Amino acid sequence: MKSRIKNNEVVVKTALALALAGALLTVDVSAAEQGWDGKVLYRYTNEHGVQVLDDLVPPRYVAGGYEVLTPSGRVLEVVEPELTGKQLAEKQRREAREAADLQLLKRYNSVADIESARKRKLAIVQQDMAILRSNLVSLERQIESEESVAARAQRNGEAVSPELLSRIENLRAEVSVVRERLSLREKEALTINSDFDRAASRYQEIAGK
């Protein structure tokens, strides 16, 4: 029993001594800071992996990062190491993703909003596609009609007029233009769907975090 009491007394005295030492250290640091003249020290790691405390950072160690301290040891600033090409690319990718996420959250309040925006955008493209398809049908009918006239003239042994041949050629050229525009609009519709699929998926990921 006496041994246990004695051990407890030792523990208490040790704790008090440590607390007192910490308090005195705090007082010493505070006193040192009050008399601080603005001089700073720099702590960096050399090529051997050893931390060095100096009044300047040699240029060859700047890229590795360093700390700025007061003479009492208080850290004023931490300068992070410069990023390598791969690290910089990853940082830029992360920042770009964060900016895109923020923009996504500002633009839409829910996945339902995203789907509504998809429908509105697709409706414009689909309307244009319907007009282009109608134009194609009309042009192809005109070509068929003009070619029938040319074929009838040939059956009758008559020469096909240059004007008729020119009209047929122009109609065919116009068909090519309309088909190209229609193809572009069809690709645009696919891109819209793909973009909104990604937006909806990413929104769900963000909202689930």
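Residues numbered from 1 in each chain as written. Predicted model: local features only at pLDDT ≥ 70, side-chain atom pairs only at ≥ 80, totals over all residues. Heavy atoms only, no water.

With that settled, the discussion passes to the overall build of the chain. Looking only at helices and strands, the chain features five helices and four strands. Counted from the first residue to the last, the chain has its helices and strands arranged as α-β-β-α-β-β-α-α-α. Within the chain, buried positions represent 22% of all 209 residues. Long-range contacts, defined as pairs at least 24 residues apart, comprise 59% of the intrachain contacts of the chain with a sequence gap of at least 6. Surface summary for the chain: the accessible area is close to 15,500 Å², and the carbon and sulfur share equals 54%. (Helix = DSSP H or I, 4+ residues; strand = E, 2+ residues; numbered from the N terminus. Buried < 20%, exposed > 50% of the residue type's maximum accessible area, 1.4 Å probe, protein only. Contact = heavy atoms within 4.5 Å. Areas by Shrake-Rupley, 256 points an atom, 1.4 Å probe, with all protein chains shown as cover.)

Right, let's talk about the layout of surface pockets for a bit. Taken as a whole, the largest pocket encloses approximately 290 Å³ of empty space. Every residue along the wall of the largest pocket is listed here: R97, A100, D101, L104, R107, Y108, D195, F196, R198, A199 and R202. Every element with two or more residues in the lining of the largest pocket is listed here: helix 3 (85-107) and helix 5 (162-208). Each residue belonging to the lining of the largest pocket can be placed in one class, and the counts come to five nonpolar, no polar and six charged. (1 Å grid on protein atoms, 1.4 Å probe; cavity = no way out; pocket = protein on both sides within 12 Å on 5 of 7 lines; lining within 4 Å. Points joined across faces, edges and corners; volume = space filled by probe spheres on them. Nonpolar A, V, L, I, M, F, W, Y, C, P; charged D, E, K, R; others polar.)

A few words on the sheet that holds strand 2 (residues 51-54). The four strands lie next to each other as 2-1-3-4, forming an open sheet whose pairing is antiparallel. Of all strands in the sheet, those bounded by a partner on one side alone are strand 2 and strand 4 (75-79). Recorded for the sheet is a direction-independent mean angle of 20° between the axes of neighbouring strands. Bridge count between strand 1 (residues 41-45) and strand 3 (residues 66-69): three bridges; the pairing is antiparallel. Bridge pairing in strand 3 links L41 to L69. (Pairing = 2+ DSSP bridges. Axes fitted to C-alpha atoms, helices over the stretch in contact; angles between N-to-C directions.)

Moving on to the side chain of E146. In this structure, E146 sits in helix 4 (residues 111-155). Residue contacts for E146: discarding those within four places in its chain leaves L164, R167, I168 and L171.

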